[in-house]
2 protein chains.
Amino acid sequence: MSDQIKLALVGLGTIARSQHLPSIAATDGITLTAIASRNAQEAGLANYTDIDALLAAEDVQAVSLCTPPQGRFAQAASAIAAGRHVMLEKPPGVGVSEIHALRRLAQAKGVTLFTTWHSREAAVVETARSMLADADILRVDIDWREDVRQWHPGQQWIWQAGGLGVFDPGINALSILTRILPDPVFVTDAQLEVPENCQTPIAAAVQMSAGGKAQVSAAFDWRWQGPPQWDIAVQTTTGTITLKKGGAELWLDGVLHSSSEDHEYRRLYARFVELIGRGESDVDVMPLQLVADAFLVGSRSMVEPFHD
Amino acid sequence: MSDQIKLALVGLGTIARSQHLPSIAATDGITLTAIASRNAQEAGLANYTDIDALLAAEDVQAVSLCTPPQGRFAQAASAIAAGRHVMLEKPPGVGVSEIHALRRLAQAKGVTLFTTWHSREAAVVETARSMLADADILRVDIDWREDVRQWHPGQQWIWQAGGLGVFDPGINALSILTRILPDPVFVTDAQLEVPENCQTPIAAAVQMSAGGKAQVSAAFDWRWQGPPQWDIAVQTTTGTITLKKGGAELWLDGVLHSSSEDHEYRRLYARFVELIGRGESDVDVMPLQLVADAFLVGSRSMVEPFHD
C-alpha cells in the first residue's frame, strides 16, 4: 500500500457513482480513502460535507472533483494550495480564464492538474486520430442528439448561466473532434436556441473550420426523442471515417471497422496516476474554448420554455 | 528607403484615418505603400478593393488589418500564406479559437503576428503596472461608460453576433486590467443587458477575480450620456491607484500623479517594426478570452430596443 496514491473524491452524484467509484477501484496505484459531499456518504470511507474539512483532516495526495462546474475553481484552488494533485471532471470550470489561472496556481505549487475529457478515452478515438493524421479532410459533420429528460433528469445547474446547456454533452463531441483532427479547429459562426425560461441553449448549430481548410458543422439537440445519436463523420479524399456511439465504434465508408467496450474513466484514472508519477500536468481548454467562442460569436433565438 | 518595411493597410474607416495613417507616417522604419478598402481610396498610394488583389500585385512585407473583426481571419490567413507579417486591430478576431489557429499558421510560415491592444499603450499603463507589481491588491473597480451614439454612430457590425456590443470599448479596459495586474484574471459571473433587436449587449456587469485573491468588478454601459468615463481604480493596502481617461492619467489617492499625451498607435507601429526585426510574434488573447467567458458564464436579460 505504500506506493498507493491516496485519493479523495469531491461530489457524489450520478457520474461519481456510475463511473468514478468503480473505475478508481479498478485502477492500480490509486486508492479512494475519503469523500466530500454535501448530502451523500459512502460506507467504509472517511466522509466530509466540504472539501476544506477533508483537506484539513486527511492525508490524501490527490483530489478528484466531480461537482458541478460552478464553484469548481474554489475547490480546486483549495486543494492545490494544500499541495494536492487535482483531477477535474469535464467541463473543467465555468470559463476558460479560470482554468488558465488554475494552471498557474498548480505550476507555482508543483502539483499535477489534469483537465479530463472522458470522451477522448472512448475506444476508437486514438485509431481515428492515427487514420486522420495525414488525411486530406474535406468536411466534418457532428450529429449529437439526445433526450435531455432521459440523460439529465432534474439537473437544474445545466440550465443556469455557466451550465452550458446542450453543450454539456456537445463538449464531448468537441473534445473528440479536437483530438482526432490534425489542424486547429476554430468557431466561425453559431446559432443557439435558448428556452425562454432558461439561460443556456437546448439546441445549437456550430460552424467551425479545421485550420481554414475544411468546414466542420455540428448539430447539438436535446429535444431528440429516441436512442441518442453521438456521431462524428469525417469525409476525406479517400473515404469517410465515422465515429459512432460517442466513439465506441469506428465505421469506414459505412462498414463497421472496430468497436470495443467502454473503459473511459479507467483510462482517465490510469492517466492521472501516470501524470502524478511523472510530475506533469495535462491541461487542455480547447473543447471549452470552442463552446465559449460559440456563445461569443453565435446568434441567439428564443424558443419555447423547457420544463423538466 | 532600403531598410524600410513596406506596409499595406486593409480597411480605411474612422480608426484607420484618425489613428493608423498619422501614426504610420510618424513611425520610423515603416512606410505605407498600399491600401485595400471596399469603398475608400487614399491618394498617392496603390489602392485595391480587396486584400487578395493587393497581395498578388504589391511587394509589401507587412499588412495591418483594421477591418471589422468578422471576416478578419480569412484576410489574415491570406496575408500569412503570402509570407507577410500581420498586425491586427483589436479585437483580433471574432473568437479566441481563430487567434490560436492564426498563431499556428504564422509560426509555420515564420512571419510575425501581432495582436494589438491599443489601450495598453496609454500613457500611464506601464507606470501602474510597475506600482502594482508587488502590491497587495484588495479590489479593482472598472467604470467604463460612454454614449454609443457619439462614439459608434452607424456601426452596424457592433450589434451583430460577433460584434461584442459594449465589450468593444470594454475590451480596452480588460486589456489594461490584464496588463497592470500581476495575478491572472478570470471571470466568475456576468450580467448582460441585450436590446431586444440586437445580438450583443448595450450594458454589462462582469465579476472577475485576480488570482483568486482580489475581486474585480467591471461596469460597462453604452447608454451613458455625457463625457465618457474610462476609469480603473485599484485599491491596495497602501492606497488607491486610479487610471482615468482610458489610461491617460494616473491618480494616487485622489491626487493627479502623472499624465501624458496619447501616442498609443505610434507605439503599436514602433512595436510592430521591433517584432518584425526580431522575428518574433506577440499574441495575447486574454482580453478577448475574458469577454468570451463573460458571454459563456453570464446571464442575459432583454432590454428595450436600440435604434441608432
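Residues numbered from 1 in each chain as written. Chains lettered and ligands numbered in written order. Predicted model: local features only at pLDDT ≥ 70, side-chain atom pairs only at ≥ 80, totals over all residues. Heavy atoms only, no water.

1. Topic: the side chain of A:Thr200
Residues and elements named next belong to chain A.
For step 1, the next point in the chain: For Thr200, the location among the structural elements is in the loop between strand E8 (185-195) and strand E9 (203-210).
For step 2, the next point in the chain: Judged by relative accessible area, Thr200 falls into the buried class, the value being 1%.
For step 3, the next point in the chain: Within the structure, the side chain of Thr200 is placed 3.5 Å from the backbone nitrogen of Gly165, a separation counted as a polar contact.
For step 4, the next point in the chain: Dropping the residues within four chain positions of it, Thr200 is found in contact with Ile158, Trp159, Gln160, Gly163, Leu164, Gly165, Val194 and Pro195. (Helix = DSSP H or I, 4+ residues; strand = E, 2+ residues; numbered from the N terminus. Buried < 20%, exposed > 50% of the residue type's maximum accessible area, 1.4 Å probe, protein only. Polar contact = N/O pair within 3.5 Å; in protein donor to acceptor, adjacent residues only side chain to side chain. Contact = heavy atoms within 4.5 Å.)

2. Regarding the domain arrangement of chain A
Residues and elements named next belong to chain A.
For step 1, the next point in the chain: The domain architecture assigned to chain A consists of domain 1 (5-115) and domain 2 (122-260 + 292-303).
For step 2, the next point in the chain: Using only C-alpha atoms to locate each centre, domain 1 and domain 2 end up separated by 27 Å.
For step 3, the next point in the chain: With 7 residues of domain 1 at the contact, the number on the domain 2 side is 11 residues.
For step 4, the next point in the chain: Buried area between domain 1 and domain 2, both sides added, is near 610 Å², and the carbon and sulfur share of it is 60%.
For step 5, the next point in the chain: Looking only at domain 1, the three residues that lose the most surface to domain 2 are Gln70, Lys90 and Pro91, adding up to 64% of its buried area.
For step 6, the next point in the chain: For the pair domain 1 and domain 2, the number of links is 1 salt bridge.
For step 7, the next point in the chain: Across the salt bridge formed by Asp168 and Lys90, the nearest N and O atoms sit 3.8 Å from each other. (Domains from an automatic or database assignment. Buried area = accessible area lost by both parts, 1.4 Å probe. Salt bridge = Lys/Arg side-chain N within 4 Å of Asp/Glu carboxyl O.)

3. Comments concerning the sheet that holds strand E3 (residues 46-48) of chain B
Residues and elements named next belong to chain B.
For step 1, the next point in the chain: Strand order in the open sheet made by the 6 strands is E3-E2-E1-E4-E5-E6, with parallel pairing throughout. Two strands close off the open sheet at either side, each with one partner strand: E3 and strand E6 (113-115). Strand-to-strand twist across the sheet, computed as the mean angle between neighbouring axes with direction ignored, equals 25 degrees.
For step 2, the next point in the chain: As defined by bridge partners, strand E5 (residues 85-88) adjoins E6 across 3 bridges and the pair is classed as parallel. Looking at E6, one finds that Met87 is bridged to Phe114.
For step 3, the next point in the chain: Helix H1 (residues 14-25) contacts strand E1 (5-10), strand E2 (30-36) and strand E4 (62-65) of the sheet and is inclined by roughly 175 degrees relative to E1. (Pairing = 2+ DSSP bridges. Axes fitted to C-alpha atoms, helices over the stretch in contact; angles between N-to-C directions.)

4. Focus on the packing of helix H1 (residues 14-25) of chain A against helix H8 (residues 264-278) of chain A
Residue and element names in this part refer to chain A.
For step 1, the next point in the chain: Orientation of H1 relative to H8, taken along the N-to-C sense of each, is 55 degrees, at an axis distance of 8 Å. The angle between the axes of H1 and H8 places the two elements in the oblique class. Note on packing geometry: the crossing formed by H1 with H8 is right-handed. Of H8, the residues touching H1 (which contributes Ile15, Gln19, His20, Ser23 and Ile24) are Tyr265, Arg266 and Tyr269. (Parallel < 35°, antiparallel > 145°, perpendicular 65-115°, else oblique. Left-handed = near helix turned anticlockwise from the far one by under 90°.)

5. Let's talk about the sheet that holds strand E11 (residues 229-236) of chain B
Residues and elements named next belong to chain B.
For step 1, the next point in the chain: Read from one edge to the other, the open sheet built from 9 strands follows the order E14-E13-E12-E11-E7-E10-E9-E8-E15, with strand pairing classed as mixed. Each edge of the open sheet carries a strand with a single partner, namely strand E14 (255-259) and strand E15 (299-303). Here the strands of the sheet are splayed against their neighbours by 15 degrees on average, with no regard to which way each runs.
For step 2, the next point in the chain: Both strand E7 (residues 137-145) and E11 contribute to a ladder of 8 bridges, which runs antiparallel. Residue pairing in the sheet places Trp144 in a bridge with Trp230 of E11.
For step 3, the next point in the chain: This element, helix H9 (residues 286-297), spans strand E8 (185-195), strand E9 (203-210) and E15 of the sheet and lies at about 60 degrees to E8.

6. As for the relation of the copies chain B and chain A
For step 1, the next point in the chain: Least-squares fitting of chain B to chain A yields an RMSD of 0.0 Å, with the transformation described by 0.0 Å of translation along the axis and a rotation of 180 degrees. Such a combination of rotation and displacement between the chain copies is what one expects of a two-fold axis. (Least-squares fit on C-alpha atoms with pLDDT ≥ 70 in both.)

7. Side note on helix H8 (residues 264-278) of chain B
All names here are of chain B.
For step 1, the next point in the chain: Look at H8: 21 Å from first C-alpha to last across 15 residues, which is about the 21 Å you get at 1.5 Å a residue.
For step 2, the next point in the chain: Among the residues making up H8, those that are buried are Glu264, Tyr265, Leu268, Tyr269, Phe272, Val273, Leu275 and Ile276.
For step 3, the next point in the chain: Taken together, the buried residues of H8 touch E1, H1, E2, E4, E5 and E6.
For step 4, the next point in the chain: Remark: Gly279 follows H8 within two positions and exhibits a positive phi of approximately 65 degrees. (Expected span 1.5 Å × (residues − 1).)

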